[in-house]
Amino acid sequence: ENFPVSIAETSEQGKFLHSVLNSESWSSSSWKMVVLHQPPYSQGWPGYHGEESIRVLLEPYFHAGKIDLVIAGHTHDYERLTKEFSGNQVHFFIVGGAGGGMEPEGKRSDYPIMDRLIKKHHVAIAEVTAVEFAVRIVGINGELLDQLTLSKPDKR
């Protein structure tokens, strides 16, 4: 169910991750995005629910309001989920449809229930400013499959 994926707290990668997510520059950033391969949540691959070790690693930061967006691949489809952690919204995107075969149509895991699940080849086009994150998911024939615009108050 879960691949043997983890980032040990005492590894160089773990130390780097924690130092960045706890830094002043991270805290003062308009958008706090984590981009990784394995998603913390996924529904489109039958029997796979996302990586538990990634959830355990990042959930304290979700609850603390230190991550706004998580962008992943791994699952060969498009998935989107908005989830609340201690009053903080975190948006999860799986953008895994640029190449290769798609996950089997009509088959999925029973949880988590994603807000959107599309099993078509696609690309994501994001436009980001200090106050807005807009993403469009576009199919191979140019059709708009999904879009979402997130806003933040202007701190200036």
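Criteria and thresholds
- The residue count restarts for each chain, going from 1 along the sequence in the order it is written.
- A pLDDT threshold of at least 70 governs which residues receive local features in this predicted model, and a stricter bar of 80 or more applies before side-chain atom pairs are shown or counted, although totals over entire chains, interfaces and linings include all residues.
- The side-chain quantities take in all heavy atoms of the structure and omit both hydrogens and water.
- In this scheme, a residue with accessible area under 20% of its type's maximum is buried, one over 50% is exposed, and one in between is partly exposed, where area comes from a 1.4 Å probe on protein chains only.
- Strands here are runs of E lasting at least two residues and helices are runs of H or I lasting at least four, both read from the DSSP assignment and numbered beginning at the N terminus.
- The directions considered for the arc are those from the helix axis to the C-beta atoms.
- Residue contacts are defined here by distance: any two heavy atoms, one from each residue, within 4.5 Å place the two residues in contact.
- We call a set of buried Ala, Val, Leu, Ile, Met, Phe, Trp, Tyr and Cys residues a nonpolar core when their side-chain atoms join them within 4.5 Å.
- Any two strands with at least two DSSP-identified bridges between them are counted as paired.
- Only the stretch in contact is used when fitting a helix axis, every axis being a line fitted to C-alpha atoms; angles between N-to-C directions are given from 0 to 180 degrees.
- Working definition: a ring pair exists when centres of Phe, Tyr or Trp rings (six-membered ring for Trp) sit within 6.5 Å. Plane angles under 30 degrees give stacked, over 60 give edge-to-face, the rest tilted.
- Two conditions define a charge sitting above a ring: the NZ of Lys or the CZ of Arg must be within 6 Å of the ring centre, and it must be within 35 degrees of the ring normal.

**Thoughts on helix 1 (residues 12–21)**
Turning to helix 1, its buried residues number three or more, namely Gly-14, Leu-17, His-18 and Leu-21. Considered in projection along helix 1, the buried side chains sweep an arc of 90 degrees and stay on one side of the axis. Exposed residues on helix 1 whose side chains face more than 90 degrees from its buried face are Glu-12 and Phe-16. Considering only its buried residues, helix 1 is in contact with helix 2 (24–27) and helix 3 (52–63).

**So, the nonpolar core**
Leu-21, Leu-58, Phe-62, Ile-67, Val-90 and Phe-92 are the most contacted members of the largest nonpolar core, which has 18 residues in total. When contributions to this core are tallied by element, the ones reaching two or more residues are helix 1, helix 3, strand 3 (78–85) and strand 4 (88–95). Ranked by residues supplied to this core, first place goes to helix 3 with five residues. Aside from chain neighbours lying at most four places away, what touches Phe-62 is Ile-67, Val-70, Phe-85, Asn-88, Val-90 and Phe-92. Counting residues in each nonpolar core, the second largest holds eleven residues, with Tyr-78, Phe-93, Val-135 and Leu-145 among its members.

**Notes on the sheet that holds strand 5 (residues 116–118)**
Strand order in the open sheet formed by five strands is 1-2-4-3-5, and the pairing between neighbours is mixed. Only two strands of the sheet have a single partner each, and these edge strands are strand 1 (33–35) and strand 5. Taking the axes of each pair of neighbouring strands and ignoring which way they run, one obtains an average angle of 15 degrees across the sheet. Inspection of the sheet shows strand 3 paired to strand 5 by three bridges, in the antiparallel sense. Bridged to Tyr-78 within strand 5 is Ile-118. Helix 3 rests against strand 1, strand 2 (69–72), strand 3 and strand 4 of the sheet, and its axis sits at about 140 degrees to strand 4.

**Some remarks on the packing of aromatic side chains**
Taken as a whole and assessed by the stated rule, the structure comprises seven aromatic pairs. Look at Tyr-41 and Phe-92: their rings are 5.0 Å apart centre to centre, the planes differ by 75 degrees, and that puts the pair in the edge-to-face class. Residue Tyr-41 is located in the loop between strand 1 and helix 3, and its partner Phe-92 is located in strand 4; the two are separated by 51 residues in the primary sequence. The pair Tyr-41 / Phe-92 is uniform in exposure class, with both members buried. Centre to centre, the rings of Phe-93 and Phe-133 are 6.1 Å apart; their planes meet at 45 degrees, and the pair counts as tilted. Separated by 40 residues along the polypeptide, Phe-93 in strand 4 and Phe-133 in strand 7 (residues 132–139) bring together distant segments of the chain. Classification of Phe-133 as buried rests on a relative accessible area of 3%. Aromatic ring contacts, followed pair by pair, group Tyr-41, Phe-62, Phe-85 and Phe-92 into a single cluster. For Lys-152, the ring lying beneath its charged end belongs to Trp-31, and the centroid distance is 5.1 Å.

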